Amino acid sequence: MLRCCYRLLAMICLLGFVLPGTAEGQSVPAKDSSYLVVRNIVVLGNKKTRTSVIVREISTVPGDTIYFRDLGEVLERTRKQLLNTSLFLNATANVKNWEGNNADLVFEVWERWYTFAFPIFKLADRNFNQWWVEKNHSLSRVNIGLSGTQGNLTGRNDELNASLQFGYTQRFALQYNLPYIDKHFHHGLGIIAIYKRNREVNDSTKGNKQQFFRKEDFLRQIYQVGLSYSYRKAINTRHQVFVNYNYEKVADSVAIINPNYLGKGRTSINFLDITYRMTYIKADSWVYPLKGMSVLAEVGKRGIGPWNDIDDIHFRLNVARYWELRPKTFAALGFRGMAKFSNEQPYINQQALGYNDDYLRGLEYYVVDGTSFAILKSTLRQELLSVKIKLPIVPKKFSQVPIRIFAKAYGDAGYSYNKFPGTSFLNNRMLYTGGLGIDIVSFYDTCLRIEYSFNQLGQKGLFLHTSIDM
């Protein structure tokens, strides 16, 4: 009888059971003294992934006491943490094998596909709109090749990546990351090697537009080799150290056109850089977060010992906060910024706004070079649809494709400092943009953003992106 009472209380907490006379959706709280003691952590469904790797992501351990009022939240938080490893398509969490107030926590996982070999079709330009509108969607500015990824190579969430690319940029890259090398699952290592070369070079910026120089011979070659070390004691925080050696050389004509391209009229440089990075993520999803927060703090030094053709110290901070305002309505606020010292850097070390993920929505056609910048982003999202589409003639565990569609409104502000702005008119001034859009999100870390944006210059347009906007 006592066992049945415990089970009933747990079900009330988990399912939000509504009794007559209570408000809709309001669950009846269990007594503060009602609890269970975790006897075992049981993992089911993993064929490739080591059980110890999965248990490492579960903050609850045998012997812990969980009050019934917190049980549903604990199980759901752990289930989402397992999904955030990107190892699984789905995961469930249950309480089983009750004996008095002791029970097992049972987690069942559905492993995703870990081996991929796919063709590369990648634009050389910074975004789709720049390639389609300003470069007339020229196929000469497309990279093609073959990329292979073996995820979860040894069952320890390690990953091996190799790519061979031709087209605008010829590139070969090999990378391996092993997140855990010790029995306590705290320390990890990684290695990377990259070689690439181009016949066209972005040699300068005029009027906040990239300028390009092209010849039939290869104008630029880059070599990079590096090591990384990671330390992750808790669930949400990771510390990383990166050490990279870089060598770059360009044709004489590039140095003649812009003597500051590599600085001081040089045609080759080499430098060693060391970066420390701390990341903290506590969110419902690491791919498309709607609740929680994330922090990235970084400090780095370029130019060490005799390898110091580029010499700077930089500080970076990315912070994002996500809220659920009401069911299916979400808000997000983010900050991205970097400060680099000194302010006098060669052209290749002045990328600020407009590069990678450091841009304002609505200014995709522009770059704002500089040594320091700050961006503030705000987004309001409303979920319009959440469905699962069943695919025929595929394995059962891959047949359910989740699709979520969000409508959104957003506004951005930013500033980039450049000691020598030249003809660029967006430097050293506050910039503002905004717009409306649709996000389409699915599994395997995919997100399609369709945005109609405007900026303070009176320009507006439709923009496409395939990464999260904050």
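Residues numbered from 1 in each chain as written. Predicted model: local features only at pLDDT ≥ 70, side-chain atom pairs only at ≥ 80, totals over all residues. Heavy atoms only, no water.

1. Things to note about the sheet that holds strand β2 (residues 65-67)
Right, on to step 1. Read from one edge to the other, the open sheet built from four strands follows the order β2-β1-β4-β3, with strand pairing classed as mixed. With partners counted over all chains shown, the strands left at the sheet margins are β2 and β3 (88-99), one partner each. This sheet shows a mean twist of 40° between the axes of neighbouring strands, independent of strand direction.
Right, on to step 2. Bridging between strand β1 (residues 35-44) and β2 involves three bridges; their strand directions are antiparallel. Among the inter-strand pairings, Tyr35 is bridged to a residue of β2, identified as Tyr67.
Right, on to step 3. Across the sheet, helix α3 (residues 68-84) lies against β1, β2, β3 and β4 (102-111), angled at about 145° from β3, the strand it touches most. (Pairing = 2+ DSSP bridges. Helix = DSSP H or I, 4+ residues; strand = E, 2+ residues; numbered from the N terminus. Axes fitted to C-alpha atoms, helices over the stretch in contact; angles between N-to-C directions. Contact = heavy atoms within 4.5 Å.)

2. Topic: the environment of Gln456
Right, on to step 1. For Gln456, the position within the fold is in the loop between β21 (446-455) and β22 (460-465).
Right, on to step 2. The sequence separation of Gln456 and Asp439 amounts to 17 residues, and the corresponding C-alpha distance is 24 Å.
Right, on to step 3. Among the polar contacts made by the side chain of Gln456, one reaches the main-chain carbonyl oxygen of Met430 at a distance of 3.3 Å. (Polar contact = N/O pair within 3.5 Å; in protein donor to acceptor, adjacent residues only side chain to side chain.)

3. Structural notes on unusual backbone geometry
Right, on to step 1. For the bond from Phe341 to Ser342, the omega torsion is 10°, close enough to zero to count as cis.
Right, on to step 2. On the secondary structure map, Ser342 appears in the loop between β17 (329-341) and β18 (372-390).
Right, on to step 3. The backbone phi angle of Ser86 is positive, close to 65°, even though this residue is not glycine.
Right, on to step 4. According to the relative accessible area criterion, Ser86 is partly exposed, its value standing at 28%. (Buried < 20%, exposed > 50% of the residue type's maximum accessible area, 1.4 Å probe, protein only.)

4. Brief notes about the UniProt feature "domain: POTRA" (unreviewed entry) in the protein
Right, on to step 1. Sequence positions flagged by UniProt for "domain: POTRA" (unreviewed entry) are, in local numbering, residues 37-111.
Right, on to step 2. Here residues 37-111 is 31% helix and 44% strand, with 29 Å between the C-alpha atoms at its ends. (UniProt positions renumbered as here; feature names shortened; annotations may be inferred.)

5. Focus on α3
Right, on to step 1. Between the first and last C-alpha of α3 there are 25 Å, a value that for 17 residues agrees with the 24 Å anticipated at 1.5 Å per step.
Right, on to step 2. What α3 keeps buried is the set Phe68, Leu71, Gly72, Val74, Leu75, Thr78, Gln81, Leu82 and Asn84.
Right, on to step 3. The first or second residue beyond α3 is Ser86, which carries a positive phi of 65°. (Expected span 1.5 Å × (residues − 1).)

6. Quick word on the domain arrangement of the protein
Right, on to step 1. What the domain assignment reports for the protein is domain 1 (33-111) and domain 2 (179-379).
Right, on to step 2. Once you take the C-alpha centre of each, domain 1 and domain 2 turn out to be 37 Å apart.
Right, on to step 3. Taken residue by residue, the interface counts nine residues in domain 1 and twelve residues in domain 2.
Right, on to step 4. Of the roughly 920 Å² buried between domain 1 and domain 2, counting both surfaces, carbon and sulfur atoms make up 50%.
Right, on to step 5. It is Arg56, Lys80 and Asn84 that lose the most area in domain 1 upon contact with domain 2, and together they represent 60% of the buried surface on that side.
Right, on to step 6. Residues Glu57 and Arg232 are paired through a salt bridge, measuring 2.8 Å at the closest nitrogen-oxygen approach.
Right, on to step 7. At the junction of domain 1 and domain 2, the tally comes to six residue pairs in polar contact (both at pLDDT 80 or more).
Right, on to step 8. For the side of domain 1 that touches domain 2, the secondary structure elements donating two or more residues are α2 (51-56) and α3.
Right, on to step 9. Class assignment of the residues belonging to the side of domain 1 that touches domain 2 gives a composition of two nonpolar, four polar and three charged. (Domains from an automatic or database assignment. Buried area = accessible area lost by both parts, 1.4 Å probe. Salt bridge = Lys/Arg side-chain N within 4 Å of Asp/Glu carboxyl O. Nonpolar A, V, L, I, M, F, W, Y, C, P; charged D, E, K, R; others polar.)

7. Focus on the pattern of salt bridges
Right, on to step 1. In the structure shown here, the tally under the stated rule is 26 salt bridges.
Right, on to step 2. Taking the shortest distance from any N to any O, the salt bridge between Arg39 and Asp104 comes out at 3.2 Å. Taken together, the residues Arg39 in strand β1 and Asp104 in strand β4 connect sequence positions 65 residues apart.
Right, on to step 3. The salt bridge partner of Glu134 is Lys209, with a shortest N-O separation of 2.3 Å. You can see Glu134 sitting in helix α4 (residues 128-134) and its partner Lys209 sitting in strand β11 (residues 209-214), a full 75 residues away along the chain.
Right, on to step 4. If you follow the salt bridges from partner to partner, you end up with Arg361, Arg381, Lys408, Asp412, Asp439, Arg449, Glu451 and Asp469 in one network.

8. Details of the confidence of the model for the protein
Right, on to step 1. Scored by pLDDT, the protein has a mean of 90; 92% of the residues are at 70 or more.
Right, on to step 2. Note on residues 1-31: pLDDT is under 50 here. Beyond four places in sequence and across chains, it has 33 contacts. (pLDDT = per-residue confidence, 0-100.)

9. Focus: the environment of Lys215
Right, on to step 1. Checked against the element boundaries, Lys215 lands in the loop between β11 and β12 (220-231).
Right, on to step 2. Sequence separation between Lys215 and Ser253 is 38 residues; the distance between their C-alpha atoms is 9.6 Å.
Right, on to step 3. Apart from residues no more than four positions distant in its own chain, Lys215 is found in contact with Arg199 and Ser253.

10. Quick look at the packing of aromatic side chains
Right, on to step 1. Tallying each qualifying case throughout the model produces 14 aromatic pairs.
Right, on to step 2. Ring geometry for Phe128 against Trp132: centres 5.7 Å apart, planes inclined by 15°, an arrangement best described as stacked. Of the two residues, Phe128 and Trp132 are both situated in helix α4; the distance of four residues between them amounts to about one turn of the helix.
Right, on to step 3. Its relative accessible area of 43% is what places Trp132 among the partly exposed residues.
Right, on to step 4. In this structure, Lys377 is placed above the aromatic ring of Tyr359, and the distance from its NZ or CZ to the ring centre is 4.5 Å. (Phe/Tyr/Trp six-rings, centres within 6.5 Å; stacked < 30°, edge-to-face > 60°. Lys NZ or Arg CZ within 6 Å of the ring centre and 35° of its normal.)

11. Considering a nonpolar patch on the surface
Right, on to step 1. Taken together, Phe121, Leu139, Ile144, Leu153, Leu160, Leu164, Phe166, Phe172 and Leu174 make up a surface patch of nonpolar side chains, about 840 Å² in accessible area.
Right, on to step 2. Mapped onto the nonpolar patch, the elements with two or more residues apiece are β7 (159-167) and β8 (169-178).
Right, on to step 3. If you tally residues by element for the nonpolar patch, the top one is β7, at three residues.
Right, on to step 4. Relative to the assigned elements, Phe172 resides in strand β8. (Patch = residues over 30% accessible without salt bridge, like charges linked within 9 Å, V, L, I, M, F, W, Y side chains within 5 Å. Areas by Shrake-Rupley, 256 points an atom, 1.4 Å probe, with all protein chains shown as cover.)

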